[in-house]
Amino acid sequence: VTSPCKILKCNSEFWAATSGSHAPGTEEAPEFCTALRAYAHCTRRTARTCRGDLAYHSAVHGIEDLMVQHNCSKDGPTSQPRLRTLPPGDSQERSDSPEICHYEKSFHKHSATPNYTHCGLFGDPHLRTFTDTFQTCKVQGAWPLIDNNYLNVQVTNTPVLPGSMATATSKLTIIFKSFQECVEQKVYQAEMDELPAAFADGSRNGGDKHGANSLKITEKVSGQHIEIQAKYIGTTIVVRQVGRYLTFAVRMPEEVVNAVEDRDSQGLYLCLRGCPLNQQIDFQAVRSAQAAEGRARRKGPSLPAPPEAFTYETATAKCREKLPVEDLYFQSCVFDLLTTGDVNFMLAAYYAFEDVKMLHSNKDKLHLYERTRELAPGSAAPSGASAALWVLLLCLSQCWLCLL
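This is a predicted model, so every value here is computed, not measured. (Residues numbered from 1 in each chain as written. Predicted model: local features only at pLDDT ≥ 70, side-chain atom pairs only at ≥ 80, totals over all residues. Heavy atoms only, no water.)

### Notes on the overall build of the protein
- From N to C terminus, the protein includes 11 helices and 11 strands.
- Looking at the protein as a whole, 48% of its 404 residues are labelled buried.
- Considering only contacts within the protein whose residues lie at least 6 apart along the sequence, 61% involve residues at least 24 apart.
- Here the protein displays about 19400 Å² of accessible surface, and carbon together with sulfur accounts for 54% of that area. (Helix = DSSP H or I, 4+ residues; strand = E, 2+ residues; numbered from the N terminus. Buried < 20%, exposed > 50% of the residue type's maximum accessible area, 1.4 Å probe, protein only. Contact = heavy atoms within 4.5 Å. Areas by Shrake-Rupley, 256 points an atom, 1.4 Å probe, with all protein chains shown as cover.)

Listed below in structure tokens is the structure:
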């Protein structure tokens, strides 16, 4: 499922034409105006299908503002010449940005280092919340991942196959709210086959405010991996396209996570509260059924083969290639291969765990196991006699899997 609104394509073309130049010199003004006119023409072509699209309206207003700022005429050539690339260090980098635009320097000058938390969404989809709860959810349609005083993140999940219960993230919208003298409001939007390296207005930083570079987009792999640094709120966001679908990961200070004015609305904030109970899938029950089905098929060869490309055994073997530790990321990989038959979901689980390794502040909590859901919040792995029992149970479970 793809959106007929092509505003992301318009944004990308404008950014490619201007090479990241936000404030061109006098000698570049005609070329910049030409690129702006081409940008405006592109938005007009897609206006009919973009009427309800926030990124579209943001782009239209941004074009009008830039036209006025640079005295551009609406009439003239609309080809898109490529402006010269600015030399390193000459593209709005400001070493004198206000201290308030650097989270650790401003809010924690005389206190301990802030406690950072992580949230991630990937695959069919699987959610790891800020409290390290791991869930597999349905959540078809649009759902808010984050909604606090500083930013809003919304994802749209669509069926992987017609009539299938399996869904995956096909669209992502991130709104960075205007913040003091640091950044203007910025909108980032990605969808299947469109992973821009710029905001909806074509810029790659926080705008014209003094601390604009405390918000910045970096393209790691073209069309596959971008990273957004929001230093003014101590936040890092990673967005990937793996196969046809998107993954999301964020590192954010607890203080920012909990900065919500209307606490009654936090029930819709998936990264903080998790998916509603009626949207959660019993991961363990489904996995047990999958394993039992595979065992029955081996004992009864007359049973018909499943329509998926993977059996429980082949899915397990495939996931082990990238995820050797049989934690919940490994189990989610097996689950996704069986429900979708798409090997890209194995890569989505792999990259989701790679992002955890980069973003999670507690390296002892990188792996999550089913038993951790029974522990009290903040508890570490069992110790002493309970640790021995835990190891014994783990060994028995591994032996049972071997027998399966």
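### A look at the state of the cysteines
- Considering all chains together, one arrives at 7 disulfides under this definition.
- Across a sulfur-sulfur distance of 1.9 Å, Cys5 and Cys50 are joined as a disulfide pair. Handedness of the Cys5-Cys50 disulfide follows from its S-S torsion of about 105°: it is right-handed. Of this pair, Cys5 sits in the segment before helix H1 (7-18) while Cys50 sits in the loop between helix H2 (29-45) and helix H3 (54-69); the two residues are 45 residues apart in sequence, bridging distant segments of the chain. In terms of burial, Cys5 and Cys50 fall into one category: buried.
- A sulfur-sulfur separation of 2.0 Å characterises the disulfide bridge that pairs Cys10 with Cys42. (Disulfide = S-S within 2.5 Å.)

### Thoughts on the pattern of salt bridges
- Overall, the coordinates contain 6 salt bridges when judged by the stated rule.
- A salt bridge links Lys357 to Glu354; the shortest N-O distance between them is 2.8 Å. Pair noted here: Lys357 and Glu354 are both in helix H10 (residues 344-359), with a separation of 3 residues, about one helical turn.
- On the basis of relative accessibility, which here comes to 26%, the residue Glu354 falls in the partly exposed class. (Salt bridge = Lys/Arg side-chain N within 4 Å of Asp/Glu carboxyl O.)

### A word on the pairing of strand S8 (residues 215-221)
- The pairing of S8 with strand S9 (residues 225-230) spans 6 bridges and is antiparallel. When the sheet's bridge partners are listed, Thr218 is paired in S9 with Glu227.
- Taken together, S8 and the strand that follows it, S9, pair antiparallel across an intervening segment of 3 residues, in which Gly223 is found at a positive phi of about 75°. (Pairing = 2+ DSSP bridges.)

### Looking at the side chain of Thr169
- Here Thr169 is to be found in strand S6 (residues 167-176).
- Among the polar contacts listed, one links the side chain of Thr169 to the side chain of Asn157, at a separation of 2.7 Å. (Polar contact = N/O pair within 3.5 Å; in protein donor to acceptor, adjacent residues only side chain to side chain.)

### Quick notes on the sheet that holds strand S3 (residues 134-136)
- Pairing is antiparallel in the open sheet, where 7 strands are placed in the order S3-S2-S1-S11-S10-S9-S8. Looking at strand neighbours, the two that pair on one side only are S3 and S8, the edges of this open sheet. Sheet twist, expressed as the mean angle between neighbouring strand axes with direction ignored, is 10°.
- Bridge count for strand S1 (residues 116-122) against strand S2 (residues 126-128) is 3 bridges, and the pairing is antiparallel. Residue pairing for S2: Phe122 is matched across the bridge by His126.
- In this fold H10 packs onto S1, S2, S9, strand S10 (235-242) and strand S11 (245-253), with an angle of close to 165° to the strand it touches most, S10. (Axes fitted to C-alpha atoms, helices over the stretch in contact; angles between N-to-C directions.)

### Quick notes on the side chain of Gln135
- Mapped onto the secondary structure, Gln135 falls in strand S3.
- Of the residues examined, Gln135 reaches a relative accessible area of 12% and is grouped as buried.
- Within polar-contact distance, the side chain of Gln135 engages the backbone nitrogen of Cys275 at 2.8 Å.
- Once you skip the residues sitting within four places of it in the chain, Gln135 turns out to touch Pro125, His126, Leu127, Gly274, Cys275 and Gln280.

### Things to note about the sheet that holds strand S5 (residues 151-159)
- An order of S4-S5-S6-S7 is seen for the 4 strands of this open sheet, with the pairing classed as antiparallel. If you trace the sheet from one side to the other, it starts and ends with strand S4 (141-147) and strand S7 (186-191), each paired once. When the angles between neighbouring strand axes are averaged without regard to direction, this sheet yields 20°.
- Relative to S7, S6 is paired through 6 bridges, and the arrangement is antiparallel. Bridge assignment links Leu172 to a residue of S7, and that residue is Ala190.

### As for H3
- If you check H3, its first and last C-alpha atoms are 23 Å apart, about what 16 residues at 1.5 Å a residue would give, namely 22 Å.
- Taken residue by residue, H3 has Ala55, Tyr56, Ala59, Gly62, Ile63, Leu66 and Met67 as its buried positions. Down the axis, H3 shows its buried residues gathered within 135° of arc, on one side only.
- Buried residues in H3 make contact with H1, H2 and S7.
- Looking one or two residues past H3, Asn71 carries a phi angle of roughly 50°, positive in sign. (Expected span 1.5 Å × (residues − 1). Arc of directions from axis to C-beta.)

### Examining H1
- For H1, with 12 residues, the first-to-last C-alpha span of 17 Å sits near the 16 Å given by 1.5 Å per residue.
- Listing the buried residues of H1 in full gives Ile7, Leu8, Cys10, Asn11, Phe14, Trp15, Ala17 and Thr18.

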